[in-house]
Amino acid sequence: MINVFIAEDEVTAREQIKLLVGKFPAFQVIGEAGDGDTASEMIKELHPDLLFTDIRMSGKNGLELLADVRGNCPLVELVVISGYSDFEYAKGAIQNGCLDYLLKPVSPRQFREMMERLEELIVTKQMKERTRIFEDIVTEEKIDKMRLNRFFPFPSYHIALVRKLGLPGSWGKSSRITIASEMEELNCIYGRDWQEALYLWPEELLSIPAFENRQREKNAEEGYCTVISYMSGIKVEEIPQRVREMYKILNQRLVLGKSQFLRAESLPVPVSDIKADFDRAKIENYIQRQEWKYVNFEIEKVLGQYEKSCYPLYKLETAVNHLLADLSNYFSVELDYRGDLEETFCYAKSMDELITVLEDYIKEAFQRGSFSNEKIDTEAYFEKVIQHVQENLNKPLTLQQLSDFFGMSSSYMSRLFKKYAQVPFNEYLTRARIQKACQLFKENPDCLVKDAAGMVGIPDQFYFSRLFRSITGDTPTQYAKKQLQKFP
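Residues numbered from 1 in each chain as written. Predicted model: local features only at pLDDT ≥ 70, side-chain atom pairs only at ≥ 80, totals over all residues. Heavy atoms only, no water.

Q: Whenever I open this one, helix α5 (residues 108–138) confuses me. Can you help?
A: Residues three or four positions apart in an α-helix share a direction because the helix packs 3.6 residues into each turn. If you check α5, its first and last C-alpha atoms are 44 Å apart, about what 31 residues at 1.5 Å a residue would give, namely 45 Å. Immediately downstream of α5, the backbone of Glu140 shows phi near 60°, a positive value. (Helix = DSSP H or I, 4+ residues; strand = E, 2+ residues; numbered from the N terminus. Expected span 1.5 Å × (residues − 1).)

This is the structure:
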């Protein structure tokens, strides 16, 4: 809701403005005053989103009130409605950041057009500010109490952490991404990468079971997800502690290929460490003899046991890294196994997919007399890969599918993207899809968001909108409107 304050000394004019504002459901009048001094004090207390003021009033005049509000309440948007068309008045209003200057009597059409512009501007501003405050809350930055209460006024909130697929790689940990709301305006999202979202919403808006059902529907065809929440509502000041607890649970409980809906207050007993471990001596012996089916058997045996026991992903990744470190030392082969496989641990949808990648990686690294990669490790060859990606943006496309098409391992393909594109494959793919969507809106600003999402291979309209905004700074609708304004 957009809160409005009216400063106007004429009672009839004040009532007319209230009547006009009342025709717009997104706006509500929270205060009014007949003089500038009273208005100034009330605005400091109420912190409205929008001020309508006259120019000539007793006490502070309209220009003095604008300057006062701009200094004390910089988030308030300002509009002058006056019977005076003097240029100096208009100039003073503009200098104080006034968005519009309407002359009395105000026509309904003129007022409607202004209100439509203001609604889009203020709602976008509120969303950004709420997201910024939420980020400050999460990182425990000091926040002004008035500002906090203005944007988080409810007594109790629900909070939930959603992670699609695996844990983020080093690219996600080093550059956190702040993502705007995809649901109602009171909902905020904060993630380390595009696979992760931290939701906060008023307790009365949506129950936890209803939220979980939404996530089940959204992620039904996108692989597994992990959702962590608190059934009971929490106060705003409790958020930092709850967020730390949820991330700790996520790191300890995320299981490759298994969707989980975990309630932080009633978690199941954690899985105890299993005794299964890679038989390094056997694997080293089989590699020396180049008996790859037996190498694969040893890998599948251990990872199969991990899968049955729902072994946490972070422990699984640690076990695989230890194996590769030992093999690297034993055979004196230099491997960047952490960098080569981290994208697989993040995006693999099943244990079978991980096993396939790991087996190919070990064979590629230790096979004697293996083919030379010199011809494919070139910029010219990588351009062919990029061309194939660009031609298939409207289809489901994974790193494994792309690797199979070009006849190489997914770990090697991953290295090519990091070398020539300077980003992981999935980040490149996401940005390429959003760039194509931008082109679609430029060519046809009337294109529906759901249609654009489908044409760039992202069937989830809300997820598409979230990605679009995080990359371009605009929602798809806002971006399309800007294209219409450029070419009316």
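Q: In this structure, what is going on with the sheet that holds strand β4 (residues 77–82)? I would like to understand it.
A: Pairing between sheet strands relies on hydrogen bonds along the backbone, with the strands arranged either parallel or antiparallel. Strand order in the open sheet made by the 5 strands is β2-β1-β3-β4-β5, with parallel pairing throughout. The sheet terminates laterally at β2 (27–33) and β5 (98–103), the two strands that pair on one side only. Neighbour-to-neighbour, the strand axes of the sheet open up by a mean angle of 20°, direction not taken into account. For strand β1 (residues 2–7) and β2, the ladder comprises 6 bridges, and the chain directions are parallel. Paired with Asn3 across the bridge in β2 is Gln28. (Pairing = 2+ DSSP bridges. Axes fitted to C-alpha atoms, helices over the stretch in contact; angles between N-to-C directions.)

Q: I keep staring at the packing of helix α12 (residues 313–331) against helix α14 (residues 351–366) and nothing clicks. Help me out?
A: The description of two packed helices rests on the angle between their axes and on the distance between the axes. Two elements in contact, α12 and α14, have axes separated by 12 Å at closest approach and are oriented at 10°. Looking at the two axes, α12 sits roughly parallel to α14. Of the residues in α14, those in contact with Leu316, Val320, Leu324, Leu327, Ser328 and Phe331 of α12 are Met351, Leu354, Leu358, Tyr361, Ile362 and Phe366. Each residue belonging to the contact of α12 with α14 can be placed in one class, and the counts come to 11 nonpolar, 1 polar and no charged. (Parallel < 35°, antiparallel > 145°, perpendicular 65-115°, else oblique. Contact = heavy atoms within 4.5 Å. Nonpolar A, V, L, I, M, F, W, Y, C, P; charged D, E, K, R; others polar.)

Q: I tried to follow the nonpolar core on my own but got confused; where do I start?
A: Ranked by internal contacts, the top residues of the largest apolar core, which has 65 residues, are Phe152, Ile239, Leu303, Leu316 and Ile362. Beyond its immediate stretch of four places on either side in the chain, Leu303 contacts Phe278, Leu316, Val320, Met351, Ile355 and Leu358. Counting residues in each nonpolar core, the second largest holds 21 residues, with Ile376, Ile386, Leu399 and Leu429 among its members. (Core = buried A, V, L, I, M, F, W, Y, C linked by side-chain atoms within 4.5 Å. Buried < 20%, exposed > 50% of the residue type's maximum accessible area, 1.4 Å probe, protein only.)

Q: Can you help me understand the pattern of salt bridges in this one?
A: Any two side chains of opposite charge can pair, so long as their charged atoms come close to each other. In this structure the tally under the stated criterion is 25 salt bridges. In this structure, Arg163 engages Glu196 in a salt bridge whose closest nitrogen and oxygen atoms are separated by 3.1 Å. Remark: Glu196 occurs in strand β9 (residues 196–202) and Arg163 occurs in strand β6 (residues 157–164); sequence separation between them is 33 residues. For Arg280, the salt bridge is made with Asp326, and the minimal N-O distance between the two is 2.4 Å. (Salt bridge = Lys/Arg side-chain N within 4 Å of Asp/Glu carboxyl O.)

Q: Honestly, the packing of helix α13 (residues 337–347) against helix α17 (residues 410–421) in this entry has me stumped. Any pointers?
A: It is the contact of α13 with α17, at a shortest axis distance of 9 Å, that shows an interaxial angle of 105°. With respect to α17, the element α13 is oriented roughly perpendicular. Taken together, the residues of α17 that come into contact with α13 (itself represented by Gly339, Asp340, Leu341, Glu342, Glu343 and Thr344) are Ser410, Ser411, Ser414, Arg415 and Lys418. Classifying every residue of the contact of α13 with α17 gives 1 nonpolar, 5 polar and 5 charged.

Honestly, that's just the spatial picture; any functional story needs more than this.
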